[in-house]
Amino acid sequence: MIKNKIKNKTKKIVLSGELSGLEKARNLVYESALAFGFSENESFQIALAADEACTNIMKHSYHFDRSKKFTVEIKSHKKEFQISILDEGTSFNPNEVEMMDIMRRKQNKQKGGFGIFLITKIMDSIQYFPKSEGYPLNQLILKKTLE
Amino acid sequence: MDSKFNVLQENIDAGICLLKISGSLDAHTAPILEEKISSAISQGIFRIIVNFKDLEYISSAGLGVFMAFVEEIRENNGDIKLTEMKSKVLSVFELLGFPLIFDIVPSDASAIQMFNDNILRKND
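Residues numbered from 1 in each chain as written. Chains lettered and ligands numbered in written order. Predicted model: local features only at pLDDT ≥ 70, side-chain atom pairs only at ≥ 80, totals over all residues.

## Focus on the sheet that holds strand β4 (residues 79–83) of chain B
All names here are of chain B. For clarity, the cut-off: Strands pair, by our definition, only if DSSP identifies at least two bridges between them. Helix and strand definitions follow DSSP, with helices as H or I runs of at least four residues and strands as E runs of at least two, each counted in order from the N terminus. The axes are straight lines fitted to the C-alpha atoms, using for helices just the contacting stretch, and the angles between their N-to-C directions are given from 0 to 180°. Distance between backbone-placed C-beta atoms decides contact: two residues are in contact if it is within 7 Å.
With respect to topology, 5 strands assemble into an open sheet ordered β1-β2-β3-β4-β5, the strand pairing being mixed. The sheet terminates laterally at β1 (6–13) and β5 (103–105), the two strands that pair on one side only. Neighbour-to-neighbour, the strand axes of the sheet open up by a mean angle of 25 degrees, direction not taken into account. Summarising the sheet, β4 and β5 pair through 3 bridges and their orientation is parallel. Paired with Lys81 across the bridge in β5 is Asp103. On top of the sheet, helix α3 (residues 87–95) reaches β3 (47–58) and β5; it is set at about 110 degrees to β3, its chief contact.

Below you can see the structure in the form of structure tokens.
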């Protein structure tokens with residue numbers, strides 16, 4: 001009973017466009033994933049997925065602006081572990097990001113653009129809801145089920 | 001899980017340098033490694049060993065540093081060899097298919113031997 005209460009509790013952290021906030025976010029996700037029951041390696045990778053999503057917002061949406069804030073929320077329900085990231089920056093569709101051709105990226109000396117691909121490899125589901133007139137925040141929802 | 005990122009450089013031999021990295025390599029800290037590799041290249045060093053023994057975390061921004069330099073390094077008869085990687089860090093390289101591009105070897109000694117034997121990966 002106590003364990004279920006802990007599992008169902010929502011945890012939250014507010015970050016800005018400042019990259020030094022990444023460490024806090026992934027530590028929170030890592031500890032939460034471990035407490036939920038994922039292995040150390042799975043928790044490491046889930047924290048990595050969260051890091052990649054946050055990095056994308058800081059870099060591409062907020063352009064490292066410290067005055068702009070976004071929220072990372074961690075929830076769980078039954079066997080499902082969920083990370084929601086809510087930001088007010090420019091919307092994008094993660095499903096439209098170009099898939100990986102690693103050899104071509106090497107030839108192009110391309111050092112970025114791997115984040116979304118990693119997230120899709122690690123998480124079971126990625127949903128994206130761009131902001132609208134009715135709701136002013138973009139929502140990226142990453143889910144992984146405990147097997 | 002995390003600690004501050006640091007790079008220690010040792011010049012092993014003429015033309016070979018060893019970079020020992022520790023802590024967490026992410027978008028925040030990747031420019032530190034980028035500067036170190038860039039500095040080695042500007043000194044004419046194109047054979048680089050990166051020791052991962054004390055690296056606890058890496059994100060795609062960290063992997064991107066190696067991707068940014070490997071073409072230029074190989075164009076100059078050099079290579080980047082990666083050593084002593086923890087399994088959790090290796091798993092990130094594997095998710096992205098990076099072992100297709102980089103030699104990941106057990107020890108610095110193996111990497112030095114490969115350089116001495118002129119075992120270099122080439123650009124396609």
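## Re the confidence of the model for chain A
Residues and elements named next belong to chain A. Cut-off, in case you're wondering: pLDDT measures how confident the predictor is about each residue, on a scale from 0 to 100.
Chain-level pLDDT for chain A is 90 on average; 91% of the residues reach the 70-or-more range. Per-element averaging of pLDDT across chain A places helix α1 (residues 2–8) at the bottom with 49 and strand β3 (residues 80–87) at the top with 98. Predicted confidence for residues 1–6 stays below pLDDT 50, and this span has 1 contact to residues more than four positions away or in other chains.

## Here's the deal with the nonpolar core
The line we're drawing: By convention the nonpolar core is taken to be a set of buried residues drawn from Ala, Val, Leu, Ile, Met, Phe, Trp, Tyr and Cys and joined through C-beta atoms within 7 Å. Exposure in this text rests on C-beta crowding, where 20 or more other C-beta atoms within 10 Å of a residue's own make it buried, 12 or fewer make it exposed, and counts in between make it partly exposed. The C-beta atoms are placed from the backbone.
One finds Val29, Ala49, Ala50, Ala53, Cys54 and Ile85 of chain A together with Ile48 of chain B to be the most contacted residues of the largest nonpolar core, which totals 71 residues. Residue contacts for Cys54 of chain A: discarding those within four places in its chain leaves Leu15, Leu22, Ala25, Val72 and Ile85 of chain A.

## Considering the environment of Ala61 of chain B
Positionally, Ala61 of chain B belongs in helix α2 (residues 60–75). Residue classification places Ala61 of chain B among the buried positions, given that 26 C-beta atoms sit within 10 Å. Ala61 of chain B sits 30 residues away from Pro31 of chain B along the chain, and the two C-alpha atoms are 9.2 Å apart. When sequence neighbours within four positions are dropped, the list of residues in contact with Ala61 of chain B reads Thr55 of chain A together with Asp26, Ala27 and Ala30 of chain B.

## Some details on α3 of chain B
Selection criterion: Think of the arc as the fan of directions from the helix axis to the C-beta atoms.
Val89, Val92 and Phe93 of chain B are the residues of α3 of chain B that are buried. Down the axis of α3 of chain B, the buried side of the element spans an arc of 100 degrees, and every buried residue falls inside it. Looking at the buried positions of α3 of chain B, the neighbouring elements they touch are α3 (40–61) of chain A together with β3, α2 and β5 of chain B. Positive phi shows up at Gly97 of chain B, right after α3 of chain B, with a value of about 75 degrees.

## Here we look at the interface of chain B and chain A
Put simply, the test is: Any residue that is not Ala, Val, Leu, Ile, Met, Phe, Trp, Tyr, Cys, Pro, Asp, Glu, Lys or Arg is counted as polar, Gly included; the first ten are nonpolar and the last four charged.
Every contact between the two is made by 25 residues of chain B and, on the other side, 27 residues of chain A. Contributions of two or more residues to the side of chain B that touches chain A are made by α2 and α3 of chain B. The biggest single contributor to the side of chain B that touches chain A is α2 of chain B, with 9 residues. Broken down by class, the residue content of the side of chain B that touches chain A amounts to 13 nonpolar, 7 polar and 5 charged.

## Looking at the sheet that holds β3 of chain A
All names here are of chain A. Strand order in the open sheet formed by 5 strands is β1-β2-β3-β5-β4, with antiparallel pairing between adjacent strands. Two strands in the sheet have a free side with no partner beyond their single neighbour: β1 (11–16) and β4 (125–129). Pairwise comparison of adjacent strand axes, ignoring direction, gives a mean angle of 15 degrees for this sheet. Across 5 bridges, β4 lies against strand β5 (residues 138–145) in antiparallel orientation. What sits directly across from Ser125, in β5, is Lys143. Of the strands in this sheet, β1, β2 (69–77) and β3 touch helix α2 (residues 22–36), which is tilted by about 165 degrees from β1.

## Overview of the pairing of β3 of chain A
Residues and elements named next belong to chain A. Here β2 pairs with β3 via 7 bridges, running antiparallel. Pairing of Val72 across the sheet is with Ile85, part of β3. Counting the residues in the hairpin turn of β2 and β3 gives 2 residues, including Lys78, whose phi is positive at 50 degrees. Note: β3 against β5, 8 bridges, orientation antiparallel. Among the inter-strand pairings, Phe81 is bridged to a residue of β5, identified as Lys144.

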